[in-house]
Amino acid sequence: MGMTMTQKILAAAAGLPEVKAGQLIEADLDLVLGNDITAPVAIHEMDKFTAEGVFHKDKIALVMDHFVPNKDIKSAQHCKCVREFACKHEISNYFDVGEMGIEHALLPEKGLTVAGDVIIGADSHTCTYGALGAFSTGVGSTDMAAGMATGKAWFKVPSAIKFNLTGKLSKWVSGKDVILHIIGMIGVDGALYKSMEFTGDGISSLSMDDRFTIANMAIEAGGKNGIFPVDEAAVSYMKEHSKREFKVYEADEDAVYDQEYTIDLSALKPTVAFPHLPENTKTIDEVGEIEIQQVVIGSCTNGRLEDLRTAAKVLEGKKVKKGVRCIIIPATQRIYLEAMEEGLLRTFIEAGAIVSTPTCGPCLGGYMGILAEGERCVSTTNRNFVGRMGHVESEIYLASPAVAAASAVTGRISAPEE
Amino acid sequence: MKASGTVFKYGDNVDTDVIIPARYLNSSDPKELAGHCMEDIDKEFVHNVKQGDLIVADKNFGCGSSREHAPIAIKASGVSCVIAETFARIFYRNAINIGLPIIECPEAARGIENGDEVEVDFDSGVITNKTKGTSFQGQAFPEFMQKIIRAEGLVNYINQKE
């Protein structure tokens with residue numbers, strides 16, 4: 001029986017000729033990731049291991065991104081704990097203020113994630129690197145600790161859902177709309193424990209930034225990972241960013257899938273997920289009149305250069321509506337710099353938006369844009385759960401950078417054409 | 001080994017942001033986290049939960065963030081077992097890795113109400129609703145996961161192996 005792309009990567013990492021869905025395996029890891037929230041818990045667990053040290057100082061990435069620059073004393077203590085650990089174990093990929101960016105934008109940019117890798121990260125959006133043809137999945141802090149100590153992790157080999165993408169996206173429709181459409185279709189547990197394997201001739205028209213966004217939100221459908229085939233665009237991205245060798249895996253022609261869906265990209269419209277679940281989707285024409293008080297453009301989902309370019313195109317020569325706070329967060333220092341050189345930051349500031357240093361900040365209700373009771377926000381982030389960005393009586397509407405920027409101008413959820 | 005207590009019942013898609021909101025993630029102290037457990041979905045939980053009580057929920061319990069603080073907060077609040085129709089996969093792994101007993105059982109999720117007195121026998125997987133006089137067969141863990149649970153978590157399991 002044939003294997004899926006994910007199964008092939010896992011078989012190779014486990015040193016097995018073949019694996020089957022449901023099989024428990026132990027795989028070698030190419031990268032173990034943690035951040036300023038999850039790493040301190042993992043570091044505390046590391047003390048309990050009888051074996052000392054880490055498995056490989058170059059295969060661990062520690063990114064201080066959630067609450068930095070530190071928002072309070074407790075978060076500063078957490079960062080200090082990780083900083084001391086990184087120093088003690090000479091972790092080469094430790095990224096602190098000045099070098100840091102939002103982890104899932106930063107690591108591909110730094111060339112630390114490539115096709116064929118097996119990656120675990122103590123952050124649920126670790127599935128982002130599937131855009132490059134890697135197997136990557138989110139785990140908790142104890143798994144991270146075990147990964148740092150042993151270089152291995154246990155997995156139950158997942159079955160898969162195949163998404164055959166055809167056609168080409170229309171103007172103002174992006175990867176965010178593709179993944180929101182899919183989550184709306186299959187639900188927040190539609191891919192529970194499974195791989196989401198994307199395929200089809202529509203993929204060649206998707207930019208790498210679109211693919212990162214799509215793979216990033218596989219977890220919002222419950223998926224174990226999301227993965228794309230490695231085409232010319234992926235190869236050229238990796239060659240530009242990484243010196244590491246990569247390995248290309250392809251699904252067998254007779255691979256078995258639990259379900260198959262075909263999605264015509266040209267038929268998709270800008271899509272918005274209503275509170276309080278990413279599956280509560282409506283297309284922009286079904287939204288109705290919804291007034292908003294805040295817009296957030298950023299995060300590991302949509303804080304990349306292309307996202308900022310789209311937002312700037314919408315905001316160019318316009319003003320953020322009085323009474324709306326528009327917060328724009330480039331995901332990494334490099335993206336920040338490129339946005340500055342392209343003049344995007346000037347466009348944002350002249351429109352009346354603010355531009356922040358890279359941080360996860362408001363996405364998870366940390367800081368930099370917390371909502372008050374009854375307030376509504378259009379956000380390019382990934383979750384709109386109860387209380388996620390602040391007060392339990394506040395509301396988050398998930399959308400693309402184009403819809404978010406248009407909504408900032410009108411003060412209500414709006415189509416970019418407006 | 002058995003667990004026994006009063007049930008706190010919740011619905012579908014209880015996410016890790018309501019189990020432990022991110023505004024408290026500047027701490028990793030189990031006791032402090034337990035003080036805010038379930039706060040955004042059930043303000044009374046922390047005042048009413050007693051040692052040994054159970055959480056029962058419907059589909060996709062623990063969806064969202066990978067924060068291990070969620071099962072840590074539940075365990076530190078005294079909850080002896082979480083029963084759900086299904087669990088989100090990262091929560092499932094985390095619970096096993098830190099030694100919080102969890103059982104998938106759709107029939108039990110449907111047949112147990114808030115406030116019921118429930119007993120769980122971990123060896124047989126049998127869940128008994130003492131209030132209603134009904135019982136359910138929970139799914140057994142694969143052998144490998146049972147070893148991690150018996151070792152009381154992943155770290156001990158790895159230490160024993162070496």
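Before reading on, note that the structure itself is shown above.
Residues numbered from 1 in each chain as written. Chains lettered and ligands numbered in written order. Predicted model: local features only at pLDDT ≥ 70, side-chain atom pairs only at ≥ 80, totals over all residues.

Chemist: How would you summarise the sheet that holds strand β4 (residues 102-104) of chain B if you had to cite specific residues and measurements?
Modeler: Residue and element names in this part refer to chain B. Strands sit in the order β4-β3-β2-β1-β5-β6-β7 across an open sheet of seven strands; the sheet is mixed. In the strand order of this sheet, the two ends are held by β4 and β7 (134-137), each with one partner. Sheet twist, expressed as the average angle between the axes of neighbouring strands with direction ignored, equals 25 degrees. The pairing of strand β3 (residues 81-84) with β4 spans three bridges and is classified as parallel. The residue of β4 that forms the bridge with I83 is I103. (Pairing = 2+ DSSP bridges. Helix = DSSP H or I, 4+ residues; strand = E, 2+ residues; numbered from the N terminus. Axes fitted to C-alpha atoms, helices over the stretch in contact; angles between N-to-C directions.)

Chemist: Can you explain unusual backbone geometry? Please cite residues and give values.
Modeler: Note that the residue after A:V68, namely A:P69, is joined by a cis bond; omega there is -10 degrees. As for its placement among the helices and strands, A:P69 is situated in the loop between β3 (60-63) and α3 (73-88). A:P275 connects to A:H276 through a cis peptide bond whose omega is -5 degrees. Of note, the phi angle at B:N13 is positive, near 55 degrees, even though the residue is not glycine.

Chemist: Tell me about helix α5 (residues 89-98) of chain B, residues and numbers included.
Modeler: Most of α5(B) sits inside the fold, with 10 of its 10 residues counted as buried. Taken residue by residue, α5(B) has B:R89, B:I90, B:F91, B:Y92, B:R93, B:N94, B:A95, B:I96, B:N97 and B:I98 as its buried positions. (Buried ≥ 20, exposed ≤ 12 C-beta atoms within 10 Å, placed from the backbone.)

Chemist: A description of the interface of chain B and chain A should follow, citing residues and the corresponding values.
Modeler: At the junction of the two partners, chain B supplies 37 residues and chain A supplies 43 residues. Ranked by the residues each element gives to the side of chain B that touches chain A, the list is headed by α5(B), at six residues. By residue class, the composition of the side of chain B that touches chain A is 14 nonpolar, 13 polar and 10 charged. (Contact = placed C-beta atoms within 7 Å. Nonpolar A, V, L, I, M, F, W, Y, C, P; charged D, E, K, R; others polar.)

Chemist: Go over the environment of B:K147 with me, naming the residues and quoting the values.
Modeler: Topologically, B:K147 is positioned in helix α7 (residues 143-150). Placed 62 residues apart in sequence, B:K147 and B:E85 show a C-alpha to C-alpha distance of 23 Å.

Chemist: Quick one: what's the story with the packing of helix α6 (residues 175-186) of chain A against helix α7 (residues 208-216) of chain A, residue by residue and with numbers?
Modeler: Residue and element names in this part refer to chain A. Two elements in contact, α6 and α7, have axes whose closest approach is 8 Å; the angle formed by their N-to-C orientations is 25 degrees. Comparing their axes, α7 and α6 come out roughly parallel. At the point where α6 passes α7, the crossing takes the right-handed sense. Judged by residue contacts, G175, K176, V178 and I179 of α6 engage D210, R211, T213 and I214 from α7. Counted by class, the contact of α6 with α7 contains three nonpolar, two polar and three charged residues. (Parallel < 35°, antiparallel > 145°, perpendicular 65-115°, else oblique. Left-handed = near helix turned anticlockwise from the far one by under 90°.)

Chemist: How would you sum up the pairing of strand β14 (residues 294-297) of chain A? Please name residues and give values.
Modeler: All names here are of chain A. Here β14 shows a buried face lined by Q294 and V296 and a second buried face lined by V295 and I297. The sheet contact formed by β14 and strand β15 (residues 325-328) spans four bridges and is parallel. Residue I297 lies in a different strand from β15, and its bridge partner there is I328.

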